[in-house]
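Now for the letters of each chain:
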2 protein chains.
Amino acid sequence: MHYAVCGTGMVGRTLAEKLVSLGHEVVIGTRDPEATLARTEPDRFGGPPFAEWHQARPQIRLAPFAEAAALGGTLVNATSGSRSLPALVAAGAENMAGKVLIDVANPLDFSRGMPPGLDPVGDDSLGEQIQRSFPGTRVVKTLNTMNCRVMVDPGRVPGEHNVFVSGDDTEAKKQVTGLLMSFGWPPSAIIDLGDLSTARGVEMLLPLWLRLAGAVGHTDFNFHIQGAHSQA
Amino acid sequence: MHYAVCGTGMVGRTLAEKLVSLGHEVVIGTRDPEATLARTEPDRFGGPPFAEWHQARPQIRLAPFAEAAALGGTLVNATSGSRSLPALVAAGAENMAGKVLIDVANPLDFSRGMPPGLDPVGDDSLGEQIQRSFPGTRVVKTLNTMNCRVMVDPGRVPGEHNVFVSGDDTEAKKQVTGLLMSFGWPPSAIIDLGDLSTARGVEMLLPLWLRLAGAVGHTDFNFHIQGAHSQA
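Residues numbered from 1 in each chain as written. Chains lettered and ligands numbered in written order. Predicted model: local features only at pLDDT ≥ 70, side-chain atom pairs only at ≥ 80, totals over all residues. Heavy atoms only, no water.

Per an unreviewed UniProt entry, chain A goes by the name NAD(P)-binding domain-containing protein and belongs to Streptomyces meridianus.

The next subject is the sheet that holds strand E3 (residues 61-64) of chain B. Taken in spatial order, the 8 strands make up an open sheet running E3-E2-E1-E4-E5-E8-E9-E10 (chain B), and their pairing is mixed. What marks the edges here is a single partner per strand, and that holds for E3 and strand E10 (190-194) of chain B. Adjacent strand axes in the sheet meet at a mean angle of 25°, parallel and antiparallel pairs treated alike. Looking at chain direction, strand E5 (residues 100-103) of chain B and strand E8 (residues 138-142) of chain B are connected through 4 bridges and run parallel. Counted as the bridge partner of B:Ile102 is B:Val140 from E8(B). Its contacts with the sheet place helix H11 (residues 206-216) of chain A against strand E9 (163-167) and E10 of chain B, and it is angled at close to 100° to E10(B). (Pairing = 2+ DSSP bridges. Helix = DSSP H or I, 4+ residues; strand = E, 2+ residues; numbered from the N terminus. Axes fitted to C-alpha atoms, helices over the stretch in contact; angles between N-to-C directions. Contact = heavy atoms within 4.5 Å.)

On to the side chain of A:His224, then. Position of A:His224 among the secondary structure elements: in strand E11 (residues 222-226). The buried category is assigned to A:His224, whose relative accessible area is 4%. At a separation of 3.4 Å, a polar atom in the side chain of A:His224 contacts the main-chain carbonyl oxygen of A:Glu160. Other than its neighbours up to four places away in sequence, A:His224 contacts A:Glu160, A:His161, A:Asn162, B:Asn222, B:Phe223, B:His224 and B:Gln226. (Buried < 20%, exposed > 50% of the residue type's maximum accessible area, 1.4 Å probe, protein only. Polar contact = N/O pair within 3.5 Å; in protein donor to acceptor, adjacent residues only side chain to side chain.)

Residue and element names in this part refer to chain A. The strand order across the open sheet formed by 8 strands is E3-E2-E1-E4-E5-E8-E9-E10, and the pairing between neighbours is mixed. Each edge of the open sheet is held by one strand with a lone partner, namely strand E3 (61-64) and strand E10 (190-194). Between one strand axis and the next, the sheet turns by 25° as a mean value, whatever way the strands run. One ladder, built from 4 bridges, connects strand E4 (residues 74-77) with strand E5 (residues 100-103); its direction is parallel. The residue of E5 that forms the bridge with Leu 75 is Leu 101. Contacts between helix H7 (residues 126-133) and the sheet are confined to E4, E5 and strand E8 (138-142), with E8 contributing the most and set at about 170° to the helix.

Time to look at the interface of chain B and chain A. Across the contact, 41 residues belong to chain B and 41 residues belong to chain A. Of the roughly 3100 Å² buried at the junction of chain B and chain A (both faces included), carbon and sulfur atoms supply 64%. In terms of surface lost to chain A, no three residues of chain B exceed B:Leu208, B:Arg211 and B:Gln226, which account for 20% of the buried area on that side. Viewed at the interface, chain A and chain B are joined by 4 salt bridges. (Buried area = accessible area lost by both parts, 1.4 Å probe. Salt bridge = Lys/Arg side-chain N within 4 Å of Asp/Glu carboxyl O.)

Encoded structure:
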């Protein structure tokens, strides 16, 4: 499978590397590859500049959003939430048509300081915004409720914990569920919440996630729905 | 201890009954006791009318909000979220002054149909609204993230799961933590999230909770933060 991962931050890098390790071809999409490679400062979370990371992973191609989306058979949105829609507009609806788009982003709103709020929140979600903007693409929201290292290595958090899947297209969710299993998620850990409007609920986990990270002092934790399988 | 439980629905009744079983005195507050007792239809969730429930529990007094609040040494807000502020205004700031108010309500907004949204959501919470409206009262948000039967009987959900505590007053949180332990919550299950602004995060769990209830087909489940204690 050929994946196009939009976003050059920690989340995009971590997913790209995992996909490569599973034998997939991966292209990372960015607005301007030259500008991305020219950056020398650490990223927002203190990670190395993209070029340094990329040098050690030459098999991962870097391309403008549109070229990446055209190459990818499956798309991953790993851009920061406030930049997701412009990035996908740059990717181009025609390059995304008919494809599955795995949306792992959160609409964090840093405009009013820390901790960030959410925008949209309540009656809408980023996942639904993307689906409405690209009706020909099959959006599946998943993995947005945890640190990216846990996304691709659920064993980092000992014990049972869950990953949620939201989307309007059953076949697309089945494909994404298979990918999650290849990441190491046991089938019993994967909860299909239903249609894409359930993305509102999982995006709204982020404010608590951020406070928990502060309260417990690390990010190797995850949500577990205890009792979800006891009577189901 | 004398508790005043505001709210005559399933949540208020369940908490009142548990408090009585633990040897506390309990008064339930309502707008108009005569009107509450005159209702003959089942409640919103199909439970018996209040009068029928109350007949079997004569040791629980029913009183207008203000009288209940004056009697109670500790207050519990178990009204529906959209009615919480008017109910507490009726209770009267003077009757709540200096007391701990345990807010278990959620600001569910049914005005746009099902599933309900939240109002407020994002940059504010019902818990904070109550605290701002009654600065002389010590608000602690807790227990709002689960079905009321789980609140008072955590063993209904097998395995580890959590209850969150949010509040600006450390002594008040300590008192509420003691109450939670008397309900059967082990100390390791009680997560102090920090100040009352963290109520935003726990109130925002409700949309996912509601979808999960639909997906798993029952309400005997609860959130568990897996890994929260592994490095803390």
